[in-house]
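# Chain and residue survey
Residue-level listing of the chains:
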Amino acid sequence: MKYLFSILFAFSLLACADGRLPDGSTQADIEASRKAGERDANTALSFGEQSMQREGAILAIRAKETRLRNAGRPYCADAYVAAADSVLRPTF
């Protein structure tokens, strides 16, 4: 009987756990954000090294990160910018 409350509490936690992060993002959302970050970074790298197009593409990456954060998806924003950074950083 003394464990009944603990068991009920554990079951209620499991019932609420649907694989979503606190901001509502799923692992599929995170993976899609990561792939988009890599894709956008590779697009930026396709432009000339000191070109305005590359600078614009990098600014677009930062703008997309900001839009994700403003939309209430900080985990997606973190995955997106981390993936973009992992592609872009070695080139600097």
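The structure presented is a predicted model; accordingly, all values stated were derived computationally and were not measured. (Residues numbered from 1 in each chain as written. Predicted model: local features only at pLDDT ≥ 70, side-chain atom pairs only at ≥ 80, totals over all residues. Heavy atoms only, no water.)

## Things to note about the packing of helix H2 (residues 27–45) against helix H3 (residues 52–70)
Closest axis-to-axis distance for the H2/H3 pair is 8 Å, and the angle between their directions is 160 degrees. Classified by the angle their axes make, H2 and H3 are roughly antiparallel. Considering only the axes of H2 and H3, their crossing is left-handed. Contacts between H2 and H3 involve Ala36, Arg39, Asp40, Ala41, Ala44 and Leu45 from the former and Arg54, Ala57, Ile58, Ile61 and Lys64 from the latter. For the contact of H2 with H3, the residue count by class is 7 nonpolar, no polar and 4 charged. (Axes fitted to C-alpha atoms, helices over the stretch in contact; angles between N-to-C directions. Helix = DSSP H or I, 4+ residues; strand = E, 2+ residues; numbered from the N terminus. Parallel < 35°, antiparallel > 145°, perpendicular 65-115°, else oblique. Left-handed = near helix turned anticlockwise from the far one by under 90°. Contact = heavy atoms within 4.5 Å. Nonpolar A, V, L, I, M, F, W, Y, C, P; charged D, E, K, R; others polar.)

## What about the side chain of Glu65?
Mapped onto the fold, Glu65 is located in helix H3. At a separation of 3.1 Å, a polar atom in the side chain of Glu65 contacts the side chain of Arg62. (Polar contact = N/O pair within 3.5 Å; in protein donor to acceptor, adjacent residues only side chain to side chain.)

## Focus on the side chain of Ser25
Here Ser25 lies in the loop between helix H1 (4–16) and H2. Under the relative-accessibility criterion, Ser25 is labelled buried at 0%. Looking at Ser25, its side chain comes within polar contact range of the side chain of Asp23, at 2.9 Å. (Buried < 20%, exposed > 50% of the residue type's maximum accessible area, 1.4 Å probe, protein only.)

## Let's talk about the nonpolar core
Nonpolar side chains in soluble globular proteins generally cluster together in the buried interior. In this structure, Ala41, Ile61, Leu68, Tyr80 and Leu88 are the most contacted members of the largest nonpolar core, which totals 14 residues. Going through the elements one at a time, H2, H3 and helix H4 (74–88) are the ones with two or more residues in this core. Looking at this core element by element, the count peaks at 7 residues for H4. The contact partners of Leu68, leaving out residues within four places of it in the chain, are Arg73, Cys76, Ala77 and Tyr80. (Core = buried A, V, L, I, M, F, W, Y, C linked by side-chain atoms within 4.5 Å.)

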